[in-house]
Structures are given as structure tokens and as C-alpha cells.
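In case you want the letters, here they are:
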Amino acid sequence: MEIFGIPLQAFLGQLLLGLVNGAFYAMLSLGLAVIFGLLGVVNFAHGALYMLGAFAAWIMLNKFGINYWGALLLAPLTVGLLGVVIERLFLKHLYKLDPLYGLLLTFGLALIFEGIFRELYGASGQNYDVPELLSGATNLGFMVLPNYRAWVVLVSLLVCLGTWYLIERTRLGAYLRAGTENAALVQAFGVNVPLMVMLTYGAGAALAALAGVLAAPIIQVNPLMGSNLIIVVFAVVVIGGMGSIMGSILTGLGLGVVEGLTRVFYPEASSIVVFVIMVIVLMFRPAGLFGKEA
Amino acid sequence: MKLKTLVAALAIGFGAGAFAQNTGPVRIGFITDMSSLYADIDGPAGGEMIKWAAQDFGGKVLNRPIEVLTADHQNKADVASSKAREWMDKEGLSVLIGGTNSGTSLAMSKVSTEKKRPFIAIGAGSARLTNEDCSPYTVHYAYDTVSLAKVAGTALVKAGNKSWYFLTADYAFGYSLESDAANVVKANGGTVAGAARHPLNASDFSAFLLQAQSSKAQILGLANAGGDFTNAMKAAKEFGITKTMKVAGLLVFINDVHSLGLANTEGLQLADSWYWNQDDASRKFAKRFFEKYKRMPSSLQAADYSAAANYLKAVQTAGTTDSDKVMGTLKSMKFDDFYSKGQIRADGRMIHDMYLFEVKSSKDSSTPWDYYKTIAKIPGEQAFTTVAESKCALLKK
């Protein structure tokens, strides 16, 4: 059986691989969306935080003997803490200014982090092995899926849905959303808004780091790994609608699949298909697919 | 008034340029990727090797001090060519050495031809430098895409690996590596089952690998480099491609093998011009490098040293830094140092032995960085473009 001239097996295989990539897009764009939604900061350091997460896992394994499972918890915590420091030291002074300042600041931070790690670890990258428990592959009939990739999709979906639930369905989430609408009023009700904002940035950073830890066994841990990915992730956020949580999750997964299928039909276009979609979406729905019109 | 100042400034500039050619310091320029994906295989350490060559020469040639200038081209051809132009016009540069990235080297070769200054390309792979785009002032010193394809391709096809599938980086370098390798495969009676093109700096290779696997070819030829190579290799292992296909890396440096680890690269066959553990003289050089950088030198870093040292010898012999005389001397010299034995042909191609290596398994590797065993040593005449194959007019005289 064939679909558009492609054997069904190959088609299903590419669909699944697209979903794996989409899981990364979703998790990264989710963090960006949360930070933008609640802080109004276009966080260009997100790719660098993702890279830091992967490096944290590598350093923990090679210098401290902490294995993958430990790193899965500790790396996001460490990078989240760094996020808190960044928010306290730099970002909090910029909330009253044009969003452009936050963008430039975080872009600068990203360049600094990348530079430091390139100086320390070189440009060729470091190898991080797939954890024992998840190594090997499962034959699905139409393709051989490495177990680790299945694990990535599972974790990413859980994390994304958990974050969405936290923000859209819980009391804490309600405070967060209210804080973005009218911080002064929420403060008057006795909620510590600056603390909340600080923790939000920390959580966004931790999400990026978690994606980094998940990516470490798949690709080389490399100082430039974040900047290779971040532009696509921004396009995902723009397509989904800035600040829309569910929007960025669905768009991330969807675009991963679209990109995967493009690799089958016209591989040369696979690196730009996301941007072509972005242009089309911006022409017809400037606020993004799931964004609210201002 | 303003015009006068400008004219005066220009006059001084031109004067200084012409002046610096024959007296004052002998300046060697080195432009490479200092900070991005190719920085480990060449980069700042490559620049340091040229400085070492100058120091070991005594710091002076023809009683003039030797100065080494270095710059980062950021993988942009226009940055490389404008820096080259600036150095040649204002610093009276005697020779330019080009690092990684073929696009930048092709651009620098044009500038140096226009300015009539020797240009020694080392890190760049494109065989165009001494073929379609050859120049009387360009030397291609270390390796090129043709030699990589001939060395790795011939050996593998002769060993019975007849059918190939290519995974190719979607830009000039990838295309020429793929087509050079495909020609070699076909010339030796093999077949090409297909090719997938991936964008430069792609982070995900799984989709392309799945296509490669369904081609049922025996060999997966990776016509890419650096981070693309390491990520493709890693994914090939993860998806079990290495169980059904043999992987051939068409441009692999020892830094790539080191960063992937032997577990991911064991059995990989690759072509290179030099390996640190090939003989005593190489080991001596490598030891000195290791003491400073805590890693072993790549073939490019060894070639950087060798090329600079041989250029200085040529200047000494010619008794001048005059471009035409030095180029004449360079092409008449027989090189013999730790890097290689060889000679520069009229088209600028340095003809020397090339090697086919195989990556050892971790149990065969006895010391750190003990990664390769030599499978074959291919004489330069067989490894590089032959005079009959070449389109370079300089060879047809």
C-alpha cells in the first residue's frame, strides 16, 4: 500500500519520527510561551538554557558520577536556579521598559553562555550515552523505534500537559494569569507577585533544561546545540500564538510532524517549511493560530 | 584640504604596502573558523602551530622578524576575503594560509591571485582550488574531496561493498564530496542506490537514515563534516543502521572520533592525510601539542605547522619574499618532514601519500587517543586528481 507514492511503512515511520521532534519543539516552545505570557519577556536565552541543561547532565555524569535519572531531576533544578538568579539580577529591572530590552538582554546572555562553554569544552561536542534501561530498540513492524525516543515523547507529553493543567486549571495558575492582567490588584489581595514572576522564569528555564537533558543522549552535547534549534522554536511560538500554552504544545507537535513529512516528499525544503507556514499564518492570523486578537 | 589628506593617507598606505614586501617583518596571515563548528579541528590551535613553525625557524628569515597574524572568518566568505585584502594592502602580507571551509578559501584564493601573493589552503576540502579554479599563486596542501573519495571509496568497493547510499550535506562541499565519491564507486564497478540531502547543521538525522536503510545498500556514505557527521553517526548507531549497513565517513577528523567515543565509531573507515601515532616524528610533534592543549593534533594542525615551515624554507632558499620567486622555489622543492613527503605540482596540488584508517574497538585501543589502525597507504599519484583528469590550465602547458 502506498500513500502519495510513498510506501505506507516509510510514511508511518516518518510520522512517528516527526512526533519525536515535535515533542522537543513542544517542550521548548511551552517554556517560551509561559515566560512570554507571564513576564512579557521574549526569552532569547532559551536555547542556551536548553544547552546548559544538556551540559549539566554531562558534567554531572562525568565529574560527579550522577547518572541520567539523577540528572533528569538535578539538571533542571540547577538551571532553574540560574534562571532565578538571572531574573533577580537582570530581568526584573526591565519589566517597565519596551520588550525589546528583554530580548536584547537575553540574546546577549545566550551569546555569553555559548562562548563560555565553547571555550571550556570546544566546538566538537561531548558524547552522552543512552541510559542502560532505555537502550535497545523495539520493532514496530513498520520501523525500528529506539526505546529512548519513545521515552522522550512520553515524558514530553506528560510535562506539557502537566504545565498546561497547572496554569489553566489550578488556583496557583489562576494567580499567575491574574498577575499578568493586573499585577497591582493581585498584589493588593496579598499575593507576592514579584516572587511568583521570579519562580515562573525559573520554571521556564528548568523546562528548557529538561528538554536539554532529554536531548543529550540523542545528539552531541555541543555549545551550539541551542542556537541551531531556537529559531525554529520561535517560529513555533509565533505560529501557535505568543503566550498561548495549549497553542504552543499543539503547534510544536504538529510542526514536528509536518517537518518530518517534508523530509520524505521534498527533503531540501525541510529546514524552511516551518518558516513558510509562519509567513502564511502571520498573513491571515497575525496573533497566531491559538492566540487571542489584541 | 580633506582631499589632500585623503590622497596623502592613500599614498602612505600604498607606500607602506609596497615597502613592507621587501624589508621589515615577514608577515604570515592565517584566516580560519576560530569559534564555530570547525574551531576544534583547526582554529586557534592551528594558528598557534604556525607560530611554532616561525619560532622553530628562529623567529627570523632573511634577517627579518617573522610575524603571524590570525583572524576569524566566522565561516563567511566575504569576511575572509576582505580581511585578506586588508592584510595584503596594509600589512604587506607575504603569504596567506587558509583554514577550514571551502567557500572562504575559494574567496581568499581569488583575492591572492588578484594581489599576486602566495595562498596555501589547508583546512578547505573543495578540489576546485586546484582544478577549475586553480591559480599560479594557490597551493592546496593537506587533502581534498577527490583524494578522500578515492582513498575511502576505492578501498571499500574493492573489499566487496558494491552498493552505496549517500547522506549529503546540502551545500557546495557536500555535493562535490558526494559526486567525487560516486564517480569512484562507479569507476570501480559499484552502484549508487540513492542519496538524501540534509540541511547544514541539521540536528535530527533519523528521517534521512530511515530512507537510507530502506535503500538496502551495503554502504552508507556520509558526505558531511563536523557536527553533522557526529550527529548522523550517533543516530545511525541508535537506529541500528550500523547493524545492516557499513558506515563510511568521507571527511572525519580525529576530534570527531574522540567526541563520539570508540563505542559509537568502532569499525568506521576513513581517509586522512596524517595521524599523530603514525611514526616517531609525528608522535614527537603530537606530544608537544598534547602538553599545551591536552588533546592530540588533527591532520590540519599538523599541516598548518608543516606548510608554514616549508614556506619559510622556500623564502630562505629564494633569498626573497617576492611572490613569483617564492612560488617557483616552493614548486621545485621536495618536502620531507613529520607531516609528509611530497611535492607541489604545477596546479598547486601538493602530492603526498594519503591513508585509509579504521577506528579501533575500545579493547584494541591501548592508550588515550590510540584510535586508528592503518589499513592502506595510498601513493599521492593515485590519491589525488590525475593530470589527465584535471581541468586546470596550468597543468596543460
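Residues numbered from 1 in each chain as written. Chains lettered and ligands numbered in written order. Predicted model: local features only at pLDDT ≥ 70, side-chain atom pairs only at ≥ 80, totals over all residues.

Colleague: Quick question: what am I supposed to make of the overall build of chain A here?
Modeller: Within chain A, the secondary structure is distributed over eleven helices and four strands. Taking 19 Å as the expected radius of gyration for a compact globule of 294 residues, we find that chain A reaches 19 Å, a close match to that expectation. Counting only C-alpha atoms and orienting by the principal axes, one finds that chain A spans roughly 65 × 50 × 35 Å. Each of the 294 residues in chain A was classed as buried or not, and the buried ones make up 51%. Sequence separation of 24 or more characterises 76% of the internal contacts of chain A that already satisfy a separation of 6 or more. (Helix = DSSP H or I, 4+ residues; strand = E, 2+ residues; numbered from the N terminus. Rg over C-alpha atoms; globule rule 2.2 N^0.38 Å. Buried ≥ 20, exposed ≤ 12 C-beta atoms within 10 Å, placed from the backbone. Contact = placed C-beta atoms within 7 Å.)

Colleague: Looking at this structure, how should I read the interface of chain B and chain A?
Modeller: How large an interface is tends to be reported as the accessible area lost when its parts come together. Every contact between the two is made by 31 residues of chain B and, on the other side, 30 residues of chain A. Residue assignment for the side of chain B that touches chain A shows that the elements contributing at least two residues are β8 (191-198), α7 (206-214), α8 (226-238) and α10 (254-260) of chain B. Of the residues belonging to the side of chain B that touches chain A, the class tally is nine nonpolar, 15 polar and seven charged. (Nonpolar A, V, L, I, M, F, W, Y, C, P; charged D, E, K, R; others polar.)

Colleague: How should I be thinking about the sheet that holds β8 of chain B in this particular structure?
Modeller: What links the strands of a sheet is backbone hydrogen bonding, and the strands pair in either a parallel or an antiparallel sense. Residue and element names in this part refer to chain B. Strands sit in the order β8-β7-β9-β10-β11-β15-β16 across an open sheet of seven strands; the sheet is mixed. Unpaired on one side and paired on the other, β8 and β16 (372-378) mark the two borders of the sheet. With direction set aside, neighbouring strand axes in the sheet form an average angle of 25 degrees. Here strand β11 (residues 269-272) pairs with strand β15 (residues 354-359) via four bridges, running antiparallel. Within β15, the residue paired with Asp272 across the bridge is Tyr355. Along the sheet, helix α6 (residues 172-187) contacts β7 (163-169), β8 and β9 (219-223); its crossing angle with β7, the most-contacted strand, is approximately 170 degrees. (Pairing = 2+ DSSP bridges. Axes fitted to C-alpha atoms, helices over the stretch in contact; angles between N-to-C directions.)

Colleague: Would you explain the packing of helix α2 (residues 46-64) of chain A against helix α8 (residues 193-215) of chain A in this entry?
Modeller: The relative placement of two packed helices comes down to the angle between their axes together with the axis-to-axis distance. Residue and element names in this part refer to chain A. In the contact formed by α2 and α8, the axes pass within 7 Å of each other and the chain directions differ by 50 degrees. It follows that α2 is oblique to α8 by the angle criterion. Between α2 and α8 the crossing geometry is right-handed. Contacts from His46, Leu49, Tyr50, Met51, Leu52, Gly53, Ala54, Ala56 and Ala57 of α2 reach α8 at Ala205, Ala208, Ala209, Leu210, Ala211, Gly212, Val213 and Ala215. In the contact of α2 with α8, the residues fall into 14 nonpolar, three polar and no charged. (Parallel < 35°, antiparallel > 145°, perpendicular 65-115°, else oblique. Left-handed = near helix turned anticlockwise from the far one by under 90°.)

Colleague: What should I look at first to understand the environment of Ala45 of chain A in this one?
Modeller: All names here are of chain A. Secondary-structure assignment places Ala45 in the loop between α1 (8-39) and α2. You can call Ala45 buried: it has 32 C-beta atoms within 10 Å. As for Ala45 and Gly70, which are separated by 25 residues in sequence, their C-alpha atoms are 24 Å apart. Setting aside chain neighbours within four positions, we find Ala45 in contact with Thr106, Leu109 and Ala110.

Colleague: Quick question: what am I supposed to make of the packing of helix α6 (residues 171-181) of chain A against α8 of chain A here?
Modeller: Residue and element names in this part refer to chain A. Two numbers describe how α6 lies on α8: the axes approach to 11 Å, and their chain directions differ by 105 degrees. Compared by their axis directions, α6 and α8 come out roughly perpendicular. Together, Tyr175, Leu176 and Gly179 of α6 and Val193, Met196 and Thr200 of α8 make up the contact between the two elements. Of the residues belonging to the contact of α6 with α8, the class tally is four nonpolar, two polar and no charged.

Colleague: How should the environment of Gly291 of chain A be read in this particular structure?
Modeller: Residue and element names in this part refer to chain A. As for its position among the elements, Gly291 is in the segment after α11 (273-284). Its 21 C-beta neighbours within 10 Å are what place Gly291 among the buried residues. Note: C-alpha distance between Gly291 and Gly243 (48 residues apart in sequence) is 7.3 Å. With sequence-adjacent residues up to four places away left out, Gly291 is seen in contact with Gly241, Met242, Gly243, Ser244 and Gly247.

Colleague: When you look at the confidence of the model for chain B in this model, what are you seeing that I'm missing?
Modeller: For any part of a model where pLDDT is low, the fine detail of the predicted coordinates should not be relied upon. Residue and element names in this part refer to chain B. Looking at chain B, pLDDT values average 89 and 94% of them are 70 or higher. Per-element averaging of pLDDT across chain B places helix α1 (residues 2-22) at the bottom with 49 and strand β5 (residues 119-121) at the top with 97. Across residues 10-20, confidence stays below pLDDT 50; counting only partners more than four residues off in sequence or on other chains, it has ten contacts. Reported confidences for the modelled complex are a pTM of 0.80 and an ipTM of 0.72. (pLDDT = per-residue confidence, 0-100.)

Colleague: Is there a simple way to explain the nonpolar core in this structure?
Modeller: Burial of nonpolar side chains together is a common tendency in soluble globular proteins. Core analysis: the largest hydrophobic core is formed by 223 residues, its most contacted members being Ala54 and Ala209 of chain A together with Ala152, Leu220 and Ala308 of chain B. Here the element with the most residues in this core is α1 of chain A; it accounts for 18 residues. When sequence neighbours within four positions are dropped, the list of residues in contact with Ala54 of chain A reads Gly212, Val213, Ala215, Ala216, Val221 and Met225 of chain A. (Core = buried A, V, L, I, M, F, W, Y, C linked by C-beta atoms within 7 Å.)

Colleague: Would you take a moment to explain α7 of chain B for this structure?
Modeller: Residues and elements named next belong to chain B. Counting buried positions along α7 gives eight out of nine residues, so the element sits mostly inside the fold. Taken residue by residue, α7 has Ser206, Ala207, Phe208, Leu209, Leu210, Gln211, Ala212 and Gln213 as its buried positions. Among the residues trailing α7, Lys216 stands out with phi positive, at a value near 60 degrees.

Colleague: Sorry, what's going on with the pairing of strand β1 (residues 26-32) of chain B here?
Modeller: Residue and element names in this part refer to chain B. The element β1 is extensively covered by neighbouring structure, given that seven of its seven residues are classed as buried. By the alternation rule, side chains of β1 split into Val26, Ile28, Phe30 and Thr32 and Arg27, Gly29 and Ile31, which are all buried. Summarising the sheet, β1 and strand β3 (residues 64-72) pair through seven bridges and their orientation is parallel. Bridge pairing in β3 links Ile31 to Ala71. Direction of pairing for β1 relative to strand β4 (residues 95-98): parallel, over a ladder of four bridges. Among the inter-strand pairings, Ile28 is bridged to a residue of β4, identified as Val95.

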